[in-house]
Amino acid sequence: MSAGPRKPFENKIVEWVDSRLPLFTMLDKEYGVFPTPKNFNYFWNFGAIAMFMLVTMIVSGITLAMHYAANTGIAFDSVERIMRDVNYGWLLRYIHMNGASFFFVAVYIHIFRGMYYGSYKQPRELLWIFGVVIFLLMMATAFMGYVLPWGQMSYWGATVITNFFTAFPLVGESVQTLLIGGFSVDNPTLNRFFALHYLLPFVIVGVVFLHVWALHVTGSNNPSGIEPKTKEDTLPFHPYYTMKDSFGILVFVIIYAIFIFFMPNALGHPDNYIPANPMVTPAHIVPEWYFLPFYAILRAVTIDIGIPFTEVTIITAKLGGVLLMFGSIAVLLVMPWLDSHPVRSARYRPKFKFFLLLFVVIVLVLGKVGGMPADVPLFHITENMIFTTTHVAQIATVYYFAFFLVVLPILSRVEKALPVPASIHESVTNCKSSCEGNA
Amino acid sequence: MSSHDPHSPCCGGGSCASDQENQSHNGHSEPSSCCGESRRDFLFMTAGAMAAVGAGSVVWPFVHQMNPAADTLAMSTTEVDLSSVEVGQSVTVMWRGKPVFIRRRTVKEIQEAADVDVSTLRDKQADADRVKAPEWLIVIGVCTHLGCVPLGQKTGDMRGDYDGWFCPCHGSAYDSSGRIRKGPAPKNLEVPTYSFLSDTLVRIG
């Protein structure tokens, strides 16, 4: 981003600006001629798609904020007014509501891509960590946004989530009181959640900037996981990937639009169209679908951990669940160091591929049981023992953590990788022999 | 800035009495590293400490504004007239934005709560320690697990296996003294501070 030697532009106005602030030189370097591996598959579209969704959320969010009122007395009604009276208000709200879901869809696929092709590995660890930070910020933003319509799920979701903090000994209660600004979730809570919900997306933009900056230092990973060596391995970003990203965004937006126009409430919960009532808890509180795996982990811990044969409890079941839930995200931060295998791509690591795909299945299972009530009986093991959804969640939680803390370190040592092609160019030209059975 | 910085001027314009002493003690050859060790560092540290106190006093209002405001705190008591509540009935009142369960317990419910062996409970508390008058049980109607409102106030509600309350969120069951008996909740339903102003008037908070 510094001046340095610069090629003059033909357009006089562009040249006038660029000689004073080399904006166009930078754009050309980072998005024009930027050398990009030529073997990207469609998984590499999801970074650009996530970026598109972030912009969509900010634009639709700012317009919604022009009509929304963050006061418990009128918040629900102001959302209904947006739906009924504001010009195209229904469209803006459905774009925003479903946009949250589709942002998470894009980001989850983006994260999977990073895991499958080893994009978190040296030298991209910091890039990966920025990504996890973005994910955490997204979760906080999405949670606070869901509270704003002040429906039953908004209110009780906020109550359950802020109650996590009471699990921490000694300071828990005061931290919770500080966060919600009262003795229960109420108007002060709604006000601050609105303020933060407006702020955090811009913090996300800042971290995305760091994420992309780090990406442009190391360059992109690619399906073979081999670094580009010669010019033969890369293509200029424009027009090859500007075009491919545009196409990917287009396909994604078509699916997104189907939800907005034809099934806008399919991903939501009907109880959130009931105004918040502090005196009545809905029969079945569930978070939005993108939080369900983590919700399942939270509920999987049902026993207190203490000193054996004494009455002393060190970690209550409640604290244990909260710690595991936060731990399930935190463990992603150290993934680059848990997996030290020299080969990046799962293409050449059949064992890693198996355990990773199993991990994906397990996360989906966690999502499924997270959306069901706790302790739903599934089948009888013996006369008195019933296998329930809680047991499923417990087994899945064990695998979730074992994948990171046991499988990855062991595979790093013992897995013998398949022969890796010499270059990206070779991996593309000899595809038949080297990437059989791969996407 | 380190006191060993060779370019730092000696305090008092080089007329420092301890010059000689310092050199012999720590073996520094630069004459300018003299008494900066005492006076300059002292000024530096006190200035730093004052800056820290200043920064803290600026940060605190920005943190403390998030705590309950005066009007929120002002709503911290509520008075309830109990004269219309029959034996076996329950009423729910709002206190600090939370539901408070007031149950006029039947003889059977009082007996059940008193008969439990306290040592078998998760959160060990005798029924007598949780009520001021055995007939009136007053607890905060918020599940100690994750804050849902348990069922059991209305006739026909599910009351769980212990004749008290049942939380529909994660399946915690409380007994007729509001004590946790089953499920993930760690503690008994909290008893708020309250006092009977007369036989039928209670002030909560």
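Just so you know, these numbers come straight off a predicted model, no measurement behind them. Just so you know, the residues in each chain are numbered from 1, in the order the chain's sequence is written. The order in which chains are written sets their letters, starting at A; the order in which ligands are written sets their numbers, starting at 1. Where local features are concerned, this predicted model is filtered to residues with pLDDT of at least 70; where side-chain atom pairs are given and counted, the filter is 80 or more; whole-chain, interface and lining totals use all residues. As a rule here, side-chain values cover all heavy atoms of the structure and leave hydrogens and water aside.

## Let's talk about the overall build of chain A
Okay, so step 1: Each helix is a run of H or I in the DSSP string that is no shorter than four residues. Each strand is a run of E no shorter than two, and both are numbered from the N terminus. When you go through chain A residue by residue, the secondary structure sums to 17 helices and six strands.
Okay, so step 2: Projected onto the principal axes, the alpha-carbon positions of chain A cover approximately 70 × 60 × 45 Å.
Okay, so step 3: By residue count, 49% of the 439 residues in chain A fall in the buried class.
Okay, so step 4: Contacts spanning at least 24 positions in sequence make up 78% of the contacts within chain A whose residues lie at least 6 apart. Using a 1.4 Å probe on the protein chains alone, a residue whose accessible area is under 20% of its type maximum counts as buried, one over 50% counts as exposed, and one in between counts as partly exposed. Whether two residues touch is decided by their heavy atoms; if any such pair falls within 4.5 Å, the residues are in contact.

## So, the nonpolar core
Okay, so step 1: What makes a nonpolar core is a set of buried Ala, Val, Leu, Ile, Met, Phe, Trp, Tyr and Cys residues whose side-chain atoms join them at distances within 4.5 Å. Membership of the largest hydrophobic core comes to 124 residues, with the highest contact counts inside it found for Met115, Tyr400, Phe403 and Phe404 of chain A.
Okay, so step 2: With 14 residues, helix H6 (residues 125-147) of chain A is the single largest residue contributor to this core.
Okay, so step 3: Those residues in contact with methionine 115 of chain A that lie beyond four places of it in its chain are Tyr120, Trp128, Leu332, Met335, Phe352, Leu356, Phe359, Phe403 and Phe404 of chain A.
Okay, so step 4: Membership of the second largest hydrophobic core comes to 14 residues, among which are Leu82, Val85, Trp95 and Trp136 of chain B.

## Remarks on the packing of aromatic side chains
Residue and element names in this part refer to chain A.
Okay, so step 1: Note on ring pairs: Phe, Tyr and Trp rings are taken, using the six-membered ring of Trp, and paired if centres are within 6.5 Å. Classes follow the plane angle, with under 30 degrees stacked, over 60 edge-to-face and the rest tilted. As enumerated under the stated definition, the model contains 44 aromatic pairs over all chains in all.
Okay, so step 2: When the centroid spacing of 4.7 Å and the interplanar angle of 25° are considered together, the rings of phenylalanine 359 and phenylalanine 403 count as stacked. Of this pair, phenylalanine 359 sits in helix H14 (residues 350-370) while phenylalanine 403 sits in helix H15 (residues 389-414), and the two are 44 residues apart along the sequence.
Okay, so step 3: Exposure remark for phenylalanine 403: the relative accessible area of 0% places this residue in the buried category.
Okay, so step 4: Between the aromatic rings of tyrosine 399 and phenylalanine 403, the centroid separation amounts to 6.3 Å while the plane-to-plane angle is 40°, which identifies the pairing as tilted. Placement of both tyrosine 399 and phenylalanine 403 in helix H15 is noted, with a separation of four residues, approximately one turn of the helix. With respect to burial, tyrosine 399 and phenylalanine 403 carry one shared label: buried.

## Looking at the sheet that holds strand S2 (residues 90-95) of chain B
Residue and element names in this part refer to chain B.
Okay, so step 1: Ordered by their spatial adjacency, three strands build an open sheet running S2-S3-S4, and the pairing between neighbours is antiparallel. Two strands close off the open sheet at either side, each with one partner strand: S2 and strand S4 (136-140). On average, each strand axis in the sheet is tilted by 20° relative to the strand beside it, whichever way the strands run.
Okay, so step 2: In the sheet, strand S3 (residues 98-104) pairs with S4 via five bridges, with the strands oriented antiparallel. When DSSP finds at least two bridges between two strands, those strands are taken to pair. Axes, fitted as lines to C-alpha atoms, cover a helix only where it is in contact. Angles between the N-to-C directions of the axes lie from 0 to 180 degrees.

## A look at the pairing of S4 of chain B
Okay, so step 1: Burial of S4 of chain B is extensive: five of the five residues sit out of reach of the surface.
Okay, so step 2: Burial along S4 of chain B is two-sided: Trp136, Ile138 and Ile140 of chain B facing one way and Leu137 and Val139 of chain B facing the other are all buried.

## Topic: the interface of chain A and chain B
Okay, so step 1: Between chain A and chain B, the residue contacts involve 25 residues of the former and 25 residues of the latter.
Okay, so step 2: Across the interface of chain A and chain B, roughly 2300 Å² is buried in total on both sides, 66% from carbon and sulfur atoms.
Okay, so step 3: Note on definitions: salt bridges are taken to be side-chain nitrogens of Lys or Arg within 4 Å of carboxyl oxygens of Asp or Glu. The interface formed by chain A and chain B contains zero salt bridges.
Okay, so step 4: Any pair of nitrogen or oxygen atoms within 3.5 Å is treated as a polar contact; in protein, a donor-acceptor pairing is required on top of that, and neighbouring residues in sequence qualify only through side-chain atoms on both sides. Between the two partners, chain A and chain B, sit seven residue pairs in polar contact (both at pLDDT 80 or more).
Okay, so step 5: At the level of elements, helix H7 (152-163), helix H8 (172-180) and helix H11 (292-300) of chain A are the ones that each hand at least two residues to the side of chain A that touches chain B.
Okay, so step 6: For the side of chain A that touches chain B, the leading source of residues is H7 of chain A, giving five residues.
Okay, so step 7: Amino acids outside the nonpolar list (Ala, Val, Leu, Ile, Met, Phe, Trp, Tyr, Cys, Pro) and the charged list (Asp, Glu, Lys, Arg) are all regarded as polar, and Gly is one of them. Its residues placed into classes, the side of chain A that touches chain B shows 14 nonpolar, seven polar and four charged. Note on definitions: buried area is the accessible-area loss of two parts on being combined, 1.4 Å probe, summed for both.

## Re the sheet that holds strand S9 (residues 201-204) of chain B
Residues and elements named next belong to chain B.
Okay, so step 1: On the basis of which strands lie adjacent, the open sheet formed by three strands has the order S1-S9-S8 and antiparallel pairing. Either end of the sheet is taken by a strand with one partner, and the two such strands are strand S1 (78-81) and strand S8 (194-196). Averaged over neighbouring strand pairs, the angle between their axes works out to 20° when direction is ignored.
Okay, so step 2: Relative to S9, S8 is paired through three bridges, and the arrangement is antiparallel. Each residue of the ladder has a partner; that of serine 195, found in S9, is arginine 203.

## Observations regarding the pairing of S9 of chain B
All names here are of chain B.
Okay, so step 1: Covered by surrounding structure in S9 are Val202 and Ile204 only, the residues Leu201 and Arg203 on the alternate face being uncovered.
Okay, so step 2: Looking at chain direction, S1 and S9 are connected through four bridges and run antiparallel. Opposite valine 80, over in S9, you have valine 202 as the bridge partner.
Okay, so step 3: If you look at the hairpin formed by S8 and S9, you'll find four residues sitting between the two strands.

## Some points on the domain arrangement of chain A
Think of interface size as the accessible area that goes away when the parts come together; that is how it is often given.
Residue and element names in this part refer to chain A.
Okay, so step 1: Note that domain bounds follow an automatic or database assignment of domains. Taken domain by domain, chain A holds domain 1 (30-285) and domain 2 (302-417).
Okay, so step 2: Between domain 1 and domain 2, the C-alpha centre-to-centre distance is 25 Å.
Okay, so step 3: Listed as interface residues are 30 residues of domain 1 and, on the opposing side, 31 residues of domain 2.
Okay, so step 4: In total, domain 1 and domain 2 occlude about 2600 Å² of area from one another, counting both sides; carbon and sulfur atoms represent 71% of this.
Okay, so step 5: Its largest share of buried area at the contact with domain 2, domain 1 owes to Met115, Tyr116 and Lys121, together 25% of the area lost on that side.
Okay, so step 6: At the boundary of domain 1 with domain 2, the tally comes to two salt bridges.
Okay, so step 7: Ionic pairing is found between aspartate 339 and lysine 121, a salt bridge with its closest N-O pair at 3.3 Å.
Okay, so step 8: Taken together, the links from domain 1 to domain 2 amount to twelve residue pairs in polar contact (both at pLDDT 80 or more).

## Notes on empty space enclosed by the protein
The gaps left among the atoms become clear once a water-sized probe is rolled over them.
All names here are of chain A.
Okay, so step 1: The definitions used throughout rest on a 1 Å grid laid over the protein atoms alone, on which a cavity is an enclosed set of points accommodating a 1.4 Å probe that cannot get out and a pocket is an open set flanked by protein within 12 Å on both sides along at least five of seven lines; lining residues are those having an atom within 4 Å of a point. Grid points are joined across faces, edges and corners, and a volume is the space filled by probe spheres set on the points. Scanning all chains against the criterion turns up one cavity of 30 Å³ or more.
Okay, so step 2: In this structure, the largest cavity encloses a volume near 60 Å³.
Okay, so step 3: If you trace the largest cavity, you find it lined by Ala296, Arg299, Ala300, Val369, Met372, Pro373, Ala374, Asp375, Thr389, Thr390 and Ala393.
Okay, so step 4: Mapped onto the lining of the largest cavity, the elements with two or more residues apiece are H11 and H15.
Okay, so step 5: Residue composition of the lining of the largest cavity, grouped by class: seven nonpolar, two polar and two charged.

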